Amino acid sequence: MRDRGWIYSGLGLFLILVTYPFWQNLRAGVTSKGPDLRRPAEAKQCVMPVSYMRTSHMDLLASWRENAVRDGVRTFQSADGQTYNVSLSGTCITQCHASKEEFCDRCHNYASVSNYCWDCHVDPRQAHGSAR
Amino acid sequence: MSNPKPEQLVQIDYRPPSRDWMNPAVEFRRGTFCYSAAAKNLEYLNLPNPREWQPFDKDWKLPPDWKRIVLEGMRDRLRKFRSFRLFMDICVRCGACADKCHFYIGSGDPKNMPVLRAELLRSVYRRYFTLAGRLFGKLAGARDLTEDVVKEWFYYFYQCTECRRCSVFCPYGIDTAEITMIGRELLNLIGCNINWVLEPAANCFRTGNHLGVQPHGFKDSIDFAVDELEEITGVRVEAPINRKGAEILFIVPSADYFGTPHYYSLLGYLMLFHEIGLDYTFSAFASEGGNFGLFNSHEMIKRLNAKIYAEAKRLGVKWIVGAECGHMWRVLHQYMDTMNGPADFLEVPVSPVTGTRFDHARSTKMVHLCEFTADLIKHGKLKLDPSRNNHWNVTFHDSCNPSRAMGLLEEPRYILRNVCNHFHEMPENTIREQTFCCGSGSGLGTDENFEMRMRGGLPRANAVRYVRDKYGVNLLACICAIDKATLPPLLEYWTPGVEVAGVHELVGNALVMRGEAERKTDLRGQPLELQEAVHA
Amino acid sequence: MELTSLIAVAIPYAAIAIFLIGFSYRIVRWSLSPVPFRIPTVCGQQKSLPWIKAGYLESPWTRMGVVARMALEILLFRSLFRNTRAELRQGPKLSYLESKFLWLGALAFHWSFLVILLRHLRFFLEPVPAFVGAIEAADGFFQVSLPVLYLTDVVILVALGYLLARRIWNAQARYISLPSDYLALALLIGLAGTGVIMRYFTRVDVIAAKQFALGLATFSPVAPENLGVMFYAHLFTLSALIAYLPFSKLVHMGGVFLSPTRNLANDNRARRHVNPWNYPVKVHTYQEWEDEFREKIAAAGLPLERQ
């Protein structure tokens, strides 16, 4: 039958497409090592447990934003009683994580998650040289 | 036995029964099934298991190893027909086909939903040919092949007219005609046929036509038509039969020379060919274009169809014209060239009158008369007086096969618009590719099946009723021999006051012939002026 | 640990293997049965006389026409779009009403599913290709909630819910439905449901999820810890679905391409279709016919081949 060539080509194309992740990763030498983060140098304790931060940091940041902007509450008390100033640039980046690129972006790029935090907030490093 | 009245028949309950469809029990109630094929017809055609039996008998006298025969037959056909294997596998039971079937609409019987008609076969396929069915049985929609299942197949595969309307709506194009054809082939393997299919097939094999008309009878019929035509028109036409060296072989369904209203279309053909001086011949052997083999098996299609090319070759014609007929054209368009071709001894059809080359038929070398006539009219080769059809207010019924197998939609309409003044279409969901079957196709047009025919024809008749009431339509034009035979009783039952005619009857009425006497009557012998007065 | 590596590693690999082999087997098996006759279901005017406008898409006569018809069928569910609902009223009067919900539901489900599958490539590729990001951005266009709500997540659940509800509440659909029809819907709803719950409610460590996915894709799988039960449920449902697919009606995803009533041109009389198993049959020849009716033919004055 003349159409078998078409059918097998179509099937071959389909198989190539569905197995793309396998051979593409092998070809490119990708491993499951994960993103290379610059971890905080001094701070040993985040405002919330690490496991919470990994899955739900956006909820915390969103509640910080709500509280600060709507109610003017600019401090946050963690479970161990320590009080932090509510500020993404000022507290999170400046005091602990040091770099947006080397902390936030590494994971966000890895998982292809875009965020709009930085549409408003300023990356302290970049702001340094500017007129502001 | 008296037939149910329309008011009773239309009380249709669409609620499915509480009984699971996997239960195969059917009741062979008079009026809803066709009688078995006579043993002599099976014997003449060398078909298996000839015997005396009837569907309502308890014992169907199946051969002892019937189950093995059926399963072997299935295996064989799964190997031979991709359509069959694929359609067994990919249905998702979405139900889009359900209310597209005229038998379901007319009966409310859920097993007339195309999806369930196919499931009757699919459930057996799953049981014996798929892993899931073998392992999980009923849970996977599989069931055993039992004698009751065979009876159920017989009931429902002879309750499908293979019209293919459901296939238009199916997202995968699943064609119930394929399922039914294969199903009937399987039944044929164990001798479960209906006489209304096999008697015509046996006749056709022997005499060349379904009606069993022998050569002298054929000649008489044609001669009679020539004489009658002279009375009506004053013109004596020639109608050559078995003439060697003619340019064109003309193939008609046998009903055209033996039944009414088909016969009036035959008169139209004869007038038309005379008027344009066509060099053609009939064949008294290839005296049937229709092919009841289509309703029995693929092999029988080929056996009955073979004579057409054989006669074309013997008579030395250049190409072939085929008259108005539905399933005949499914075979000619979709099967003939593959089965009995290539017709390399014929030439690409060229109209001798207009010079038009029918390139779309360059391989099969067979042209539909409506294509031929539409071309003549377009080129102004015919003198037409449409007012001679003024007593008719016409609608056009697309026959299943010319529409869904060929796409012959505009040609007949173009002809009708040129030969009559009053033409109205039925609602769009009931015409063209969505046309509804007459309810009697595929060999089901027999009297004992009357109730089921009326049920199946309800959607068609109801659409006719719409144009009858809205526009005063009194004539249904069509291009199918089975339509012409079965639509008159159908319309009389559901939609009285509408007659049935072939397109070429109306062409004949309108055709102004050289040297003709003043036309006093139409081709039916009804006075023209009187009728016009009545209509006015 | 035993159980997690079974669910996270052994079962997914087995499912992928079953899917690839099983699906290919089904396609090859279909391909081995020939198409003996050219049987398109014609839904438009044939190509005949030059002055009659032919239906290029509904009655294609060229390969491009067939490709276009198939594309409409596969991408937009053309035939399902025709759907009507017959209604018998007093009179009797039959009406055929517009009925596009099945088409809409089916289209919504299939397209959402495709978009969701493509979105998931972000877990399986590193770096993530730009088109995946573009699809995500479009899908999350409204930037509602955190994490951003994907439109397809809503659409697929609504569509699947409709398809299930239709099977349950529509009497005809319920009557024709088999257990396997519900199983397929249940697996899909389970898959989409666990995904939605994980993303919007219970949350998951997406970095760990991606590390796990890449481990699978590079054949160095590590059963992850701390991904939570919803992740395993999601993964297991997916495995069940793809392993079940080759044995189920879901093979229509491949079969639709092969349907001979759709993928053949309506050019039967112009190009001869060859049946590979065409075999000689017993026919009645002209000579047999002439011999049987010789006297009658002669008496009628018709010519004879042999006197």
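These numbers were taken from a predicted model, which means no experiment stands behind them.

When its secondary structure is counted, chain A shows six helices and two strands. Starting at the N terminus, the α and β elements of chain A follow one another as α-α-α-β-β-α-α-α. Computed over the C-alpha atoms, the radius of gyration of chain A is 22 Å, more than 25% above the 14 Å expected from 2.2 N^0.38 for a compact globule of 132 residues. Overall size of chain A, expressed as C-alpha extent along the three principal axes, is 75 × 40 × 30 Å. Counting across all 132 residues of chain A, residues that qualify as buried make up 10%. A separation threshold of at least 6 residues defines the contact pool for chain A, and within that pool the share at least 24 residues apart is 55%.

As a further point, take the arrangement of the chains. Of all two pairs of chains that touch, the greatest number of contacts is found between chains B and C. Chain A shows no contact with chain B. Their nearest C-alpha atoms sit 11 Å apart.

All names here are of chain B. The four strands lie next to each other as E2-E1-E3-E4, forming an open sheet whose pairing is parallel. Each edge of the sheet is formed by a strand with only one pairing partner; in this case those strands are strand E2 (280-281) and strand E4 (366-368). The sheet contact formed by strand E1 (residues 248-251) and E2 spans two bridges and is parallel. Looking at E2, one finds that Ile248 is bridged to Tyr280. Strands E1, E2 and strand E3 (319-322) of the sheet are contacted by helix H14 (residues 298-315), whose axis makes an angle of about 150° with E1. Packed on one face of the sheet, helix H16 (residues 369-378) meets E3 and E4 and runs near 70° to E4.

Residues and elements named next belong to chain B. Of the strand pairs in this sheet, strand E6 (residues 475-478) and strand E7 (residues 499-502) are connected by four bridges, and their pairing is parallel. Each residue of the ladder has a partner; that of Leu475, found in E7, is Glu499. For the handedness criterion, the β-α-β arrangement of E6, helix H20 (residues 481-494) and E7 is classed as right-handed.

Once that is clear, we can look at the interface of chain C and chain A. Between chain C and chain A, the contact holds 34 residues from the first and 30 residues from the second. Looking at the side of chain C that touches chain A, the elements with two or more residues in it are helix H1 (2-32), helix H5 (121-124), helix H6 (130-139) and helix H10 (206-217) of chain C. With seven residues, H10 of chain C is the largest single contributor of residues to the side of chain C that touches chain A. Across the side of chain C that touches chain A, the residue classes tally to 19 nonpolar, nine polar and six charged.

Here we take up the environment of Glu499 of chain B. Residue and element names in this part refer to chain B. Here Glu499 is to be found in strand E7. Taking the C-beta count within 10 Å as the criterion, Glu499 has 15 such neighbours and is therefore assigned partly exposed. As a C-alpha pair, Glu499 and Leu476 span 23 residues in sequence and 6.0 Å in three-dimensional space. Sequence-distant contacts of Glu499, that is, excluding residues within four places in its chain, are made with Asn474 and Leu475.

All names here are of chain B. If you walk across this open sheet you meet the three strands as E5-E6-E7, and the pairing is parallel. Looking at which strands have only one partner, the edges of the open sheet turn out to be strand E5 (394-396) and E7. Shown here is a sheet whose adjacent strand axes are inclined to one another by a mean of 35°, direction ignored.

Let's shift gears to the interface of chain C and chain B. On the chain B side, the residues contacting the 80 residues of chain C number 92 residues. It is helix H8 (residues 171-176) of chain C that contributes the most residues to the side of chain C that touches chain B, five residues altogether. Within the side of chain C that touches chain B, the residues separate by chemical class into 43 nonpolar, 24 polar and 13 charged.

Let's shift gears to unusual backbone geometry. Looking along the chain, the bond that leaves Thr260 of chain B and enters Pro261 of chain B is cis, with omega of 5°. Residue position: Pro261 of chain B is located in the loop between E1 and helix H13 (262-275). A cis amide bond links Glu126 of chain C to the next residue, Pro127 of chain C, at an omega of 0°. Within the secondary structure, Pro127 of chain C is located in the loop between H5 and H6. In the Ramachandran plot, Glu162 of chain B falls in the positive-phi region, its phi being about 55° despite a non-glycine side chain. Position of Glu162 of chain B among the secondary structure elements: in the loop between helix H8 (147-157) and helix H9 (165-169). Although it is not a glycine, Phe219 of chain C sits at a positive phi angle of roughly 60°. Positionally, Phe219 of chain C belongs in the loop between H10 and helix H11 (229-244). For Phe219 of chain C, a count of 10 C-beta atoms within 10 Å corresponds to the exposed category.

Another point: the confidence of the model for chain A. Regions with low pLDDT carry predicted coordinates that are not meant to be interpreted in detail. Residues with a pLDDT of 70 or more make up 95% of chain A, whose mean pLDDT is 86. Within chain A, helix H1 (residues 4-18) of chain A carries the highest mean pLDDT (96), whereas helix H6 (residues 124-128) of chain A carries the lowest (66).

What follows concerns the nonpolar core. In this structure, Ala201, Leu416 and Ala477 of chain B are the most contacted members of the largest nonpolar core, which totals 234 residues. Of the residues that make up this core, three or more belong to each of domain 1 (6-30 + 48-192) and domain 2 (201-535) of chain B.

This paragraph deals with the confidence of the model for chain B. With 99% of its residues at a pLDDT of at least 70, chain B reaches an overall mean of 96. Here the predicted complex carries an ipTM of 0.95, next to a pTM of 0.94.

It is worth spelling out H10 of chain C at this point. Across its 12 residues, H10 of chain C extends 16 Å between first and last C-alpha, which sits within 8% of the 16 Å expected from 1.5 Å per residue. Counting buried positions along H10 of chain C yields 10 of 12 residues, so the element is predominantly enclosed. Those residues of H10 of chain C lying buried are Val206, Ala208, Lys210, Gln211, Phe212, Ala213, Leu214, Gly215, Leu216 and Ala217 of chain C. Among the structural elements, helix H2 (20-28) and helix H5 (100-110) of chain A together with H1 and H5 of chain C are those in contact with the buried residues of H10 of chain C. A positive backbone phi angle near 60° is found at Phe219 of chain C, which sits one or two residues after H10 of chain C.

So, how was this worked out
- Residues numbered from 1 in each chain as written.
- Chains lettered and ligands numbered in written order.
- Predicted model: local features only at pLDDT ≥ 70, side-chain atom pairs only at ≥ 80, totals over all residues.
- Helix = DSSP H or I, 4+ residues; strand = E, 2+ residues; numbered from the N terminus.
- Rg over C-alpha atoms; globule rule 2.2 N^0.38 Å.
- Buried ≥ 20, exposed ≤ 12 C-beta atoms within 10 Å, placed from the backbone.
- Contact = placed C-beta atoms within 7 Å.
- Pairing = 2+ DSSP bridges.
- Axes fitted to C-alpha atoms, helices over the stretch in contact; angles between N-to-C directions.
- Right-handed = clockwise from strand over helix to strand, strands pointing away.
- Nonpolar A, V, L, I, M, F, W, Y, C, P; charged D, E, K, R; others polar.
- pLDDT = per-residue confidence, 0-100.
- Core = buried A, V, L, I, M, F, W, Y, C linked by C-beta atoms within 7 Å.
- Domains from an automatic or database assignment.
- Expected span 1.5 Å × (residues − 1).

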